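# Fold and geometry: a report
Now for the letters of each chain:
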Amino acid sequence: MMSTFLTFLLLIIGLRQVLGGTSGEHGGDHGFGSCPPFSGTFTIKQYQLYPENVDFDFNSCLLYIGILFNASVGVYDPYKDKMVDILEFPGISHNPKYHIGGVGIDKRTGLLSIVVDDAAAFGTVPPDVSGTNFIMLWDPETKELLYKVNLTDTTHGKYGGFQDVEQDPDGNVYVVGTFPGSILKVDKSRGRRAPKVTPWYVPQPIDSTQIGFGGLAAKDWTLLVNDNNGGRMLRFDMRSSVGKPTVIPLTPNHTFAISDAIYLPPKYKGTVLLVAEDGPGVTVLRSKSGKWDQAEYLGTVPKNLPDSEFVTASVQVGDSLYMIVVPAGTVAGNATEFPVYDITAQVEKMLET
């Protein structure tokens, strides 16, 4: 007679086949979000990678990388140290008018949201926000672009600098803008119809010379945002028809330097937030309750790199935490190697307090 464990294992395998789950070529139960252990600083060898933001897919165990200046998306297997694909988009990739920075996997659907921003917003003073921005949705399984929506049809070129993305439990997508801090809501895609885009949070009066939001991170219906206008952390309820910010008090108080992407590592179940501060490094915040009505400032993992290197994001790969850096500049250089720094030990030490 089959053992209970073997029977259960066969049922799981059969269920994964029915659901179209990942085959698990790295080992481990990928279909349920488990990737093999991974640790140590590593270097991605890819000409003109210049990673602005990244996200790790815990189903396929692949790292998606926003290739900033070439406006494309790298798909990297850290376990094999291999760039398995580069996603390019006609009219966007290798067009100096555009950047691709923000990328985000919807953990419920496996679909990839991609933010295409007008490069001029980040390369002019004061920021020129009149150019065209897009939000795209990519299906990694079918390798199909499900939609490409023009965000400027909603902003009318009055605000911009879009650079990060998140999803709520219903599959709606939120895109953050920086000049000034704003959030657009993109309704869940239904069939072949282009989803509706609404200005979910836009400050009044609109002043595009003001630097605002840097990144987004979501836990259930709570949306966290780092506001560079004042160096503070905000909380939004995504169940609201319009965004209403609430300031999250920090203990001890901490005012952020210019900050970029923020990230909730899955290993901490929404209780730890990593904030990429461009110059200093990765700041660690904790909400023991996970409600983010208040938070502890535990410290900052120092960059320990030249001032010409900016910290733009952090990410969990397997069970380890990493800091993403990119050389300063407004166009692609000729770099071929991009280190990704393991900061797991430093973060874990802070969490011991």
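Treat the numbers as computed from the prediction; the structure is a model and nothing was measured. (Residues numbered from 1 in each chain as written. Predicted model: local features only at pLDDT ≥ 70, side-chain atom pairs only at ≥ 80, totals over all residues. Heavy atoms only, no water.)

So, about the overall build of the protein chain. In terms of regular secondary structure, the protein chain is built from 3 helices and 25 strands. Relative to the globule expectation of 20 Å for 353 residues, the C-alpha radius of gyration of the protein chain, 20 Å, shows essentially globular dimensions. In the protein chain, buried positions account for 55% of the 353 residues. By element, 53% of the accessible surface of the protein chain is carried by carbon and sulfur atoms, the whole surface being about 15,600 Å². If the 28 positive side-chain charges of the protein chain are averaged to one point and the 38 negative ones to another, these points end up 7 Å apart. (Helix = DSSP H or I, 4+ residues; strand = E, 2+ residues; numbered from the N terminus. Rg over C-alpha atoms; globule rule 2.2 N^0.38 Å. Buried < 20%, exposed > 50% of the residue type's maximum accessible area, 1.4 Å probe, protein only. Areas by Shrake-Rupley, 256 points an atom, 1.4 Å probe, with all protein chains shown as cover. Lys, Arg positive; Asp, Glu negative; His and termini not counted. Charge placed at Lys NZ, Arg CZ, Asp CG, Glu CD.)

Let us now look at the packing of aromatic side chains. In total, this model carries 16 aromatic pairs according to the counting rule given. Taking the centre distance of 6.0 Å and the plane angle of 55° together, the rings of Tyr98 and Phe134 count as tilted. Of the two residues, Tyr98 is situated in strand S6 (residues 98-105) and Phe134 in strand S8 (residues 134-139); the sequence distance between them amounts to 36 residues. Residues Tyr98 and Phe134 agree in their burial class; the two are buried. Among the aromatic residues, those joined into a ring-pair cluster are Phe38, Phe42, Tyr76, Tyr79 and Tyr322. For the cation-ring pair, Lys148 lies above Phe134, with the distance from its terminal atom to the ring centre recorded as 4.7 Å. (Phe/Tyr/Trp six-rings, centres within 6.5 Å; stacked < 30°, edge-to-face > 60°. Lys NZ or Arg CZ within 6 Å of the ring centre and 35° of its normal.)

Attention shifts here to the pairing of strand S3 (residues 62-67). Buried residues dominate S3, accounting for 6 of its 6 residues. Where strand S2 (residues 51-57) lies against S3, 5 bridges are found, and the strand directions are antiparallel. Opposite Pro51, over in S3, you have Ile67 as the bridge partner. A loop of 4 residues connects S2 with S3, the two strands running antiparallel in sequence, and Cys61 in this loop sits at a positive phi of about 60°. Counted between consecutive antiparallel strands, the loop separating S3 from strand S4 (residues 72-77) contains 4 residues, among which Ala71 sits at a positive phi close to 50°. (Pairing = 2+ DSSP bridges.)

With that settled, the discussion passes to the confidence of the model for the protein chain. Averaged over every residue, the pLDDT of the protein chain is 91; residues scoring 70 or more account for 90%. The model gives residues 1-24 a pLDDT under 50, and that stretch makes 16 contacts with residues more than four places away or in other chains. pLDDT under 50 marks residues 27-32. Its contacts with residues more than four places away, or in other chains, come to 20 contacts. (pLDDT = per-residue confidence, 0-100. Contact = heavy atoms within 4.5 Å.)

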